[in-house]
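Chain by chain, the residues:
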Amino acid sequence: MADTHSIITPAIMYWGTPVVLITTENEDGTANIAPMSSAWWLGHRCVLGMGSMSQTATNLLRNKQCVLNLSSDDMGHYINSLAKTTGSAMVSPRKQGLGYEFCKDKFARSGLTQQPSDLVRPPRITECPVQMEAEMMNNMELMHDLPDRKGAVLAIEVKILRTHVRNDLRLPGHANRIDPDRWRPMIMSFQELYGLGPKSTESKLATIDEERYRMLTRSDVVKQGGDMDLVNSEESAATN
Ligand SMILES: Cc1cc2nc3c(=O)[nH]c(=O)nc-3n(C[C@H](O)[C@H](O)[C@H](O)COP(=O)(O)O)c2cc1C
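Residues numbered from 1 in each chain as written. Predicted model: local features only at pLDDT ≥ 70, side-chain atom pairs only at ≥ 80, totals over all residues. Heavy atoms only, no water.

1. Looking at the overall build of the protein
For the protein, the helix and strand inventory stands at 6 helices and 14 strands. For 240 residues, the compact-globule estimate of 2.2 N^0.38 gives 18 Å, and the C-alpha radius of gyration of the protein, at 20 Å, lies within 12% of that figure. Its C-alpha atoms give the protein principal-axis dimensions of roughly 65 × 60 × 35 Å. Taken across its 240 residues, the protein has 36% of its residues classed as buried. By sequence separation, contacts in the protein at least 24 residues apart represent 60% of the contacts at least 6 residues apart. Surface accessibility of the protein: about 14700 Å² in total, with carbon and sulfur atoms responsible for 55%. Distance between charge centroids for the protein: 2 Å, based on 26 positive and 29 negative side chains. (Helix = DSSP H or I, 4+ residues; strand = E, 2+ residues; numbered from the N terminus. Rg over C-alpha atoms; globule rule 2.2 N^0.38 Å. Buried < 20%, exposed > 50% of the residue type's maximum accessible area, 1.4 Å probe, protein only. Contact = heavy atoms within 4.5 Å. Areas by Shrake-Rupley, 256 points an atom, 1.4 Å probe, with all protein chains shown as cover. Lys, Arg positive; Asp, Glu negative; His and termini not counted. Charge placed at Lys NZ, Arg CZ, Asp CG, Glu CD.)

Here is the structure:
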């Protein structure tokens, strides 16, 4: 049989994840924005992969608050205006070599608009269709097996405290659901920016009612009323 695969060693493993514009508060009370895409979600937790020298990591470790603003696929000009900038006045030699420059006011640079958050100090970004206010719960240094890279990258666990979504993304008839046909995230794949294509096939997993995941999450995020309350009905069925 012909061998259809061959071995390569990619320098990066960015197989495609949504672009998050993360806002944090600087020491002087101003707001910073950083585009990032090493982010994944489980329940109401998100794990962020961030360079430990970034202004974002410094801010998060100091005051434990951020907003995860998700960008849509029409927001490329905003993302590009923030690419290769850092809110840290100390631009590392490595970053300098990559063409990064210090930018104190990334809202001014990008033209994005601040909007006050409800529960945390960093602002939301008005132009982002999804804004998640979050609190840092934990962090871990990666690459302990490589003495010279140990701690260069952090895995930061945050808890989502409140989610704001633009009304046109909501699934009609449900208080707590997103319509995936309407949510068009910007995806970074190997540093390039893409949108999603249309749904490629019907998903067997999607036959599971979303509310069944809520009890596993044990989230203290306050649920908006309106969807069928599976958690309570299952709990009462178990006690009956
Ligand atoms: C689309 C995009 C995705 C990025 N993803 C990440 C990421 O996942 N983690 C990371 O540490 N940096 C990522 N970066 C680079 C950061 O934006 C960069 O380190 C920036 O200087 C951080 O800003 P700050 O120092 O003001 O926090 C990404 C940049 C772009 C443009």
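Let us keep going from here.
2. What to know about the site of the ligand
With respect to spatial proximity, 20 residues lie near the ligand, and among them Pro35, Thr56, Thr86, Gly87 and Lys106 are the closest. Take Gln55: an N or O atom from its main chain is 2.9 Å from an oxygen atom of the ligand. Contact distances for the ligand include 2.8 Å between an oxygen atom and a backbone N or O atom of Thr85. Taking 630 Å² as the accessible area of the ligand by itself, protein coverage stands at 86%. Among the elements that line the shell around the ligand, the one with the most residues is strand β3 (residues 31-36), at 4 residues. Looking at side-chain class alone, the shell around the ligand contains 7 nonpolar, 11 polar and 2 charged residues. (Near = heavy atom within 4 Å. Polar contact = N/O pair within 3.5 Å; in protein donor to acceptor, adjacent residues only side chain to side chain. Nonpolar A, V, L, I, M, F, W, Y, C, P; charged D, E, K, R; others polar.)

3. A look at unusual backbone geometry
We note that Lys84 has phi near 60°; this positive angle belongs to a residue other than glycine. Tracing the backbone shows Lys84 in the loop between α2 (76-82) and β7 (85-86). In this structure, Met143 takes a positive phi of about 65° despite not being glycine. Position of Met143 among the secondary structure elements: in the loop between β11 (130-141) and β12 (153-165).

4. Some thoughts on a nonpolar patch on the surface
Judged by side-chain polarity, Leu205, Ile208, Tyr213, Met215 and Leu216 come together as a nonpolar surface patch covering roughly 510 Å² of accessible area. Tracing the backbone through its elements, the reader meets Met215 in helix α5 (residues 214-217). (Patch = residues over 30% accessible without salt bridge, like charges linked within 9 Å, V, L, I, M, F, W, Y side chains within 5 Å. Salt bridge = Lys/Arg side-chain N within 4 Å of Asp/Glu carboxyl O.)

5. A few points about the state of the cysteines
Enumeration according to the criterion identifies 0 disulfides in this entry. Unpaired in terms of disulfides, Cys46 finds its nearest cysteine sulfur in Cys66, a separation of 8.0 Å. With relative accessibility at 0%, the residue Cys46 sits in the buried group. (Disulfide = S-S within 2.5 Å.)

6. Regarding the pairing of strand β6 (residues 65-70)
Burial runs high along β6: 6 of the 6 residues are buried. Covered by surrounding structure in β6 are Gln65, Val67 and Asn69 together with Cys66, Leu68 and Leu70, the residues of both alternating faces. Two elements, strand β2 (residues 20-25) and β6, share 4 bridges in a ladder whose sense is antiparallel. Counted as the bridge partner of Val20 is Leu70 from β6. As judged from the 6 bridges shared by β6 and β11, these two strands associate in the antiparallel manner. Note on β11: the bridge partner recorded for Val67 is Glu133. (Pairing = 2+ DSSP bridges.)

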